[in-house]
Amino acid sequence: MEKPGAFLIPYFIALLFEGIPLLHLELALGQYLRKGSIGAWNSISPYLGGVGVGSWIVSVLVSLYYNTVLTWVMWYFINSFQEPLPWSVCPLNENRTGFNEECYESTSVNYFWYRKTLNITPDIAESGKLQWWLILCLAACWLVVYLCTIRGIETTGKAIYVTAIFPYLVLTIFLIQGLTLPGATEGLIYLFTPNLNTLKNPRVWLDAATQIFFSLSLAFGGLIAFASYNPTKNDCEKDAVTVAIVNSMTSLYASIPVFSVLGFKATTAYWDCLDRNIINIINEFDLPEESIMRQNYTSWISFLNSSYPEKIAGLKLKSCDLQEFLDQSVSGTGLAFIVFTQAIILMPGSQAWAILFFIMLFSLGLSSMFGNIEGVFTPLLELQIIPKSAPKELLSGIICLISFLIALSFTLGSGSYWIDIFDRYAGSVPLLVIAFFEVIGVVYIYKIKRFSKDVEWMTGRKLNLYWQITWRFISPLLLLIVFMAFVTLQMQRPPSYTAWNPKYEGFPMKEEKVYPPWVQAICVLLAALPCVCVPLVALFHLVKQKRRSKDPSFVPPEVFSCHGANSNFSHTKE
């Protein structure tokens, strides 16, 4: 994981110059046009219809793998009711003469995650078998999503009250507990201390932008769909600023208990390292017990190194550095299922903390799924793929069933490798490209002056200089720079992944492997598929218009049809 203190710098820059401006743009667009993503961009210009299609594809791809993460959360939640927690101890081997070798060489937490949960294969090319426990949890998760979105916004709006409020309660409980743990201060210092060298890495900026996009659900199309239900005179500018600030403050608030617990885990590991070294030194030099303590360990090591260097070298003492233990924290799934679960084991009343933690994760993930599903649901209604007479319950059921069947591939032994691929390529770069064309489409095609008048009509006041500058220059330029930097970085070395391989000579370290050519092709496809929709749809309409223009009786339609599509502002969306 990158130094979090440094990550906060690009995070807040991305929030100020990308997140807030894009959030306002999407909310205003949906509220004014009263349409979902595809309908809204087709209304602005048929040539921009690909922006809506790209958003829809991203929503589909992210929904497929994101609900699998909730599947893992549900599996851990179910196992949290066991005493002791199943990831706290290693199982016995087949002969029952000792611990399982894979677990013994790594840790009980790693073993439960990689073997008992994922049953992971040592290579992405080895698919492995479907895991029945994950299939059952996956079915349950999609059933929950279906029940919460069964009638679209009508049921989603009710469910969001629970999924949005409950995590705050759990975070507060974790905050109180986390701040009382030894090492919490070290964790918080680590959180807020920046390492400016990491800012030279383009991946940090991409991660920061992606985090903003995910947390605010930008470029997925769901926000445009949700905003279309707002009253036409709603203050979308105030909503955008409020939501963005509350969202980021919530993320910062959540990071405090998380890094308090991570500081506790790192401090505990540091103390264990010191204790093992102290025992070895006392036994080797036949010193009295408690003659060497953690407090005077450094001075003793300095004295013994100068007096008995050969003996100390022969002990092969572990290097105990608290900073190294803090740096061992990981991000993504590893943070939730490895680092945090290991920390929970060390906490008194670990079973209760595990149950609370995974309920909170499920609530957070479920609320994110609502936006993704809305980004899938509304465009299908607009495209009239299913007749309007068909009940919403049927459309929701079909979407969830098809998604479940496709997501079964993520329950294979190689499934977690593919989720990493979807997350890195389908859920990051396309969002930057789609957001870039959103800004360009509104500012330079629909025209910023026209859009400003639309927003003024809705909010009752003119747009200030901040919105004008960010939409015209800063946001598209920053998006373009981050995208080009990422592409340059990817071209410097082939894409790789880390595999869990018990036969690897460096085990329990993960083995770094380069993706096979066919997997690299899929990576490119996932990243390019939503992006190429923009030029392809524009090319399609250009060819279509040229063919029609050859007809003498053809009268070219008005390219920008927003006012025509939105001539009646007083209606309420059904």
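Predicted model only: the values in this text are computed from it and were never measured. (Residues numbered from 1 in each chain as written. Predicted model: local features only at pLDDT ≥ 70, side-chain atom pairs only at ≥ 80, totals over all residues. Heavy atoms only, no water.)

1. Some words on the overall build of the chain
Selection criterion: The helix and strand labels rest on DSSP assignments: H or I over at least four residues marks a helix, E over at least two residues marks a strand, and numbering proceeds from the N terminus. Each radius of gyration is computed over the set of C-alpha atoms, and the globule rule expresses the reference value as 2.2 Å times the number of residues to the power 0.38. Only protein chains enter the area calculation, which uses a 1.4 Å probe; residues under 20% of their type maximum are buried, those over 50% are exposed, and those in between are partly exposed. Any two residues having at least one pair of non-hydrogen atoms within 4.5 Å are treated as being in contact. Note on areas: Shrake-Rupley with a 1.4 Å probe; residue coverage comes only from the protein chains shown.
In terms of regular secondary structure, the chain is built from 23 helices and two strands. For the chain, the C-alpha radius of gyration of 27 Å lies close to 25 Å, the compact-globule estimate for 574 residues. Overall, the C-alpha framework of the chain stretches about 100 × 50 × 45 Å when taken along its three principal axes. The buried share of the chain, taken over its 574 residues, is 49%. Relative to all contacts within the chain whose residues are 6 or more apart in sequence, the contacts with residues 24 or more apart total 80%. When the accessible surface of the chain is split by element, carbon and sulfur atoms take 64% of a total near 26,700 Å².

2. What to know about the pattern of salt bridges
So the rule is basically this: Any carboxyl oxygen of Asp or Glu within 4 Å of a side-chain nitrogen of Lys or Arg constitutes a salt bridge here.
Taken as a whole, this structure holds six salt bridges when the rule is applied. Salt-bridge contacts for R461 lead to E237; the nearest nitrogen and oxygen are separated by 3.5 Å. Taken together, the positions of R461 in the loop between α20 (448-459) and α21 (465-492) and E237 in helix α11 (residues 236-285) put the pair 224 residues apart, joining distant regions of the chain. On the accessibility criterion, R461 (34% relative accessible area) is partly exposed. The buried category is assigned to E237, whose relative accessible area is 9%. With a closest N to O distance of 2.8 Å, D275 and R294 form a salt bridge. Of this pair, D275 sits in helix α11 while R294 is found in the loop between α11 and α12 (297-307), placing the two residues 19 residues apart along the sequence. Assessed through its relative accessible area of 25%, D275 is described here as partly exposed. Since its relative accessible area comes to 36%, R294 is described here as partly exposed.

3. A look at the nonpolar core
In summary, soluble globular proteins display a tendency toward joint burial of nonpolar side chains. To keep things clear, this is the line we draw: Buried residues of nine kinds, namely Ala, Val, Leu, Ile, Met, Phe, Trp, Tyr and Cys, make up a nonpolar core once their side-chain atoms join them within 4.5 Å.
Core analysis: the largest hydrophobic core is formed by 150 residues, its most contacted members being W142, F213 and I421. A total of 16 residues in this core trace back to one element, the largest contributor, which is α11. If near-sequence neighbours (up to four positions away) are discounted, W142 is found in contact with S63, N67, M369, I373, C400, S403, F404 and A407. Listed in part, the five residues of the second largest apolar core include F377, L380, L395 and I399.

4. Structural notes on the environment of A485
With respect to the helices and strands, A485 occurs in helix α21. Overall, A485 belongs to the partly exposed group, its relative accessible area being 27%. Spatially, the C-alpha atom of A485 lies 8.8 Å from that of L206, the residues being 279 residues apart in sequence.

5. A short note on the packing of aromatic side chains
Basically, it comes down to this: Stacked, tilted and edge-to-face are the three classes assigned to paired rings of Phe, Tyr and Trp, where Trp is represented by its six-membered ring and a pair needs centres within 6.5 Å; plane angles under 30 degrees give stacked, over 60 edge-to-face, the rest tilted. Placement of a positive charge over a ring is assigned whenever Lys NZ or Arg CZ falls within 6 Å of the ring centre and within 35 degrees of the normal to the ring plane.
On inspection of all chains with the given rule, the structure shows 39 aromatic pairs. Ring centres of Y446 and F451 lie 6.4 Å apart, and the angle between their planes is 75 degrees; on these two criteria the pair is classed as edge-to-face. The exposure class assigned to Y446 is buried, which follows from its relative accessible area of 2%. The exposure class assigned to F451 is buried, which follows from its relative accessible area of 2%. Here the aromatic rings of Y497 and Y515 are separated by 4.9 Å at their centres, their planes lie at 15 degrees, and the arrangement is stacked. Taken together, the residues span a long stretch of sequence, with Y497 in strand β1 (residues 496-499) and Y515 in the loop between β2 (511-514) and α22 (517-549) at a distance of 18 residues. An identical accessibility class is assigned to Y497 and Y515; each is buried. The positively charged end of K233 is found above the aromatic ring belonging to W457, 3.9 Å away from the centroid. Directly above the aromatic system of Y308 lies the positively charged group of K311, at a separation of 5.9 Å from the ring centroid.

6. Remarks on the state of the cysteines
What counts here: A pair of sulfur atoms, both from cysteines and within 2.5 Å, is called a disulfide here.
On inspection of all chains with the given rule, the structure shows two disulfides. Disulfide pairing places C90 opposite C103 at an S-S distance of 1.9 Å. Disulfide C90-C103: the torsion about the S-S bond is -85 degrees, which places it as left-handed. Pair noted here: C90 is in the loop between α3 (49-79) and α4 (101-105) and C103 is in helix α4, with a separation of 13 residues, a long-range link. Accessibility assignment for this pair places C90 and C103 in one class, buried. The disulfide partner of C273 is C320, and the S-S distance across this bridge is 1.9 Å. Because the sign of the S-S torsion sets the handedness, a value of about -80 degrees for the bond joining C273 and C320 places this disulfide among the left-handed ones. Taken as a pair, C273 in helix α11 and C320 in the loop between α13 (309-315) and α14 (322-327) lie far apart in primary sequence, 47 residues in all. Note on C273: relative accessible area 3%, which makes it buried. Among the cysteines of the chain that take part in disulfides, numbered as they appear in the sequence, the pairing is 1-2, 3-4.

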